[in-house]
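# Report on the structure
Below are the chains, spelled out letter by letter.
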Amino acid sequence: MVDSDPQGSARDWHAATDDNPLPLVALDRANNVRTLNNIAKSYDFVVIDGAAKLEDMMAAAIKVADLILIPVQPSPYDLWAASDLVDIIQARQSVTDGLPPAAFVITRAIQGTKLGEEIGRALGEYELGVFDSHIVQRQIYPQTASEGRTVFDSSNTKAIKEINDLTDELFRLMEGK
Ligand SMILES: Nc1ncnc2c1ncn2[C@@H]1O[C@H](COP(=O)(O)OP(=O)(O)OP(=O)(O)O)[C@@H](O)[C@H]1O
Ligand SMILES: [Mg+2]
């Protein structure tokens, strides 16, 4: 796992236990992203937690990524905030035959509410896919995170299922299905 955000949420999460099995690297400069290609050789999967506001860090991560997920809350403000990111992604896709695949993932959805038609329309305008699976707003996410763990360390079957569904969809996108 690579934390490219100076806010360091992934680092804090990782440091919250002594026995996190996941290797974590923190990047503090966009240039270091190039060293990722070396690190990546030793792993099957590298997950980069993107920097919310650092454009050069974001652009560097997009340059090396094989697949991009954009988590967005189901609010028009979050969607509008993603427009710069979408521009950078589409600039790369336009010179690399539409690759890497990229998609929005709705997160912190309120259980039982339908995602508004406006949200679907706003997302559609970006010409990027939207995952069918959503992450719902649940206390179990911050609860387990504060202990340096994940919902897979909990007995919350709904949270576990939605993350498994999301993972399945991620693999389908990766395999081009
Ligand atoms: N599905 C969820 N249910 C409940 N709380 C959540 C959920 N997802 C995130 N949160 C909470 O929302 C806050 C922000 O989440 P997170 O750090 O994932 O967002 P972010 O977009 O990466 O933020 P930043 O732009 O600051 O990096 C945290 O307090 C987190 O615990
Ligand atoms: Mg973050």
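Residues numbered from 1 in each chain as written. Chains lettered and ligands numbered in written order. Predicted model: local features only at pLDDT ≥ 70, side-chain atom pairs only at ≥ 80, totals over all residues. Heavy atoms only, no water.

Further remarks concern the pairing of strand β4 (residues 68-72). Alternating positions in β4 separate cleanly, Ile68, Ile70 and Val72 being buried on one face and Leu69 and Pro71 remaining unburied on the opposite face. Where β4 lies against strand β5 (residues 102-106), five bridges are found, and the strand directions are parallel. Along β5, the bridge assignment pairs isoleucine 70 with phenylalanine 104. (Buried < 20%, exposed > 50% of the residue type's maximum accessible area, 1.4 Å probe, protein only. Helix = DSSP H or I, 4+ residues; strand = E, 2+ residues; numbered from the N terminus. Pairing = 2+ DSSP bridges.)

In the vicinity of ligand 1, the contacting residues are Asp5, Gln7, Ala52, Arg108, Ile135, Val136, Gln137, Arg138, Tyr141 and Pro142. Here an oxygen atom of ligand 1 and a side-chain polar atom of glutamine 7 are 3.2 Å apart. The contact in question runs from an oxygen atom of ligand 1 to an N or O atom on the side chain of arginine 108, over 2.7 Å. When isolated, ligand 1 has an accessible area of 620 Å², and the protein chains bury 54% of it. Tallied by class, residues from the shell around ligand 1 come to five nonpolar, two polar and three charged. (Near = heavy atom within 4 Å. Polar contact = N/O pair within 3.5 Å; in protein donor to acceptor, adjacent residues only side chain to side chain. Areas by Shrake-Rupley, 256 points an atom, 1.4 Å probe, with all protein chains shown as cover. Nonpolar A, V, L, I, M, F, W, Y, C, P; charged D, E, K, R; others polar.)

Take it as geometry only, folks, not as evidence of what the structure does.
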